[in-house]
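Fold and geometry: a report
If you want the building blocks of each chain, they are given just below.
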Amino acid sequence: VQLQASGGGLVQAGGALRLSCAATGRSIRSYGVAWFRQGPGKERNFVAGMHRSGGTTYSDSVKGRFTISKDSSKNTAYLLMNNLRPEGTAVYYCAASPSVILSNLASQTAYGNWGQGTLVTVSS
């Protein structure tokens, strides 16, 4: 499956954005999907993940503010980000795997398919 991330941009602190991850080549229905982000000068870190069964997990830093979802009819995954903070400034990547297990959603090595990243800038 090929992934194309989009929806990034400049937003003020406290604002919201919805990122999209469009899949082509295979149905995303049978894939677990996740979002990771890499801030300036930082390592890439897990943000949110959804197992193919629908189970989700979030990093503590975004829990309660971000929501991951999938729309199989559009073959697209989403990350709705509310109450954005300046530390959320990063390149956001989507990833997918047909075999990732629920307990391993946060592991980057579990994913063999990655999108190109979309930049989110949160101004204070």
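Residues numbered from 1 in each chain as written. Predicted model: local features only at pLDDT ≥ 70, side-chain atom pairs only at ≥ 80, totals over all residues. Heavy atoms only, no water.

Things to note about the environment of S123
Mapped onto the secondary structure, S123 falls in strand β11 (residues 118-123). With relative accessibility at 26%, the residue S123 sits in the partly exposed group. Taking the C-alpha atoms as reference points, S123 and V62, 61 residues apart in sequence, are found 17 Å from one another. Aside from chain neighbours lying at most four places away, what touches S123 is L10, V11, Q12 and A13. (Helix = DSSP H or I, 4+ residues; strand = E, 2+ residues; numbered from the N terminus. Buried < 20%, exposed > 50% of the residue type's maximum accessible area, 1.4 Å probe, protein only. Contact = heavy atoms within 4.5 Å.)

Let's talk about the sheet that holds strand β1 (residues 2-6)
Reading across the sheet, the 4 strands line up as β1-β3-β8-β7 and stay open at both edges, with antiparallel pairing between neighbours. In the strand order of this sheet, the two ends are held by β1 and β7 (66-71), each with one partner. When the angles between neighbouring strand axes are averaged without regard to direction, this sheet yields 15°. Sheet topology note: the β7/strand β8 (residues 76-81) ladder contains 6 bridges and is antiparallel. In the sheet register, I68 faces β8, and the bridge partner there is L79. (Pairing = 2+ DSSP bridges. Axes fitted to C-alpha atoms, helices over the stretch in contact; angles between N-to-C directions.)

Focus on the nonpolar core
Ranked by internal contacts, the top residues of the largest apolar core, which has 29 residues, are W35, V47, F66, I68, L79, M81 and Y92. Elements with a minimum of two residues in this core: β1, β3 (17-24), β4 (32-38), β5 (44-50), β7, β8, β9 (90-97) and β11. In this structure M81 touches G15, A16, L17, L19, R65, F66, Y92 and V120, once residues within four positions along its chain are discounted. Ranked by size, the runner-up nonpolar core spans 8 residues in total, among them F36, F46, V100 and Y111. (Core = buried A, V, L, I, M, F, W, Y, C linked by side-chain atoms within 4.5 Å.)

Description of the packing of aromatic side chains
Following the criterion strictly, the structure yields 4 aromatic pairs and no others. Ring centres of F36 and F46 lie 5.6 Å apart, and the angle between their planes is 70°; this geometry places the pair in the edge-to-face category. In this pair, F36 is assigned in strand β4 and F46 in strand β5, connecting sequence segments 10 residues apart. Summarising the burial analysis for this pair, F36 and F46 share the class buried. Ring geometry for F36 against Y111: centres 5.7 Å apart, planes inclined by 75°, an arrangement best described as edge-to-face. Residue F36 is located in strand β4, and its partner Y111 is located in the loop between β9 and β10 (113-114); the two are separated by 75 residues in the primary sequence. (Phe/Tyr/Trp six-rings, centres within 6.5 Å; stacked < 30°, edge-to-face > 60°.)

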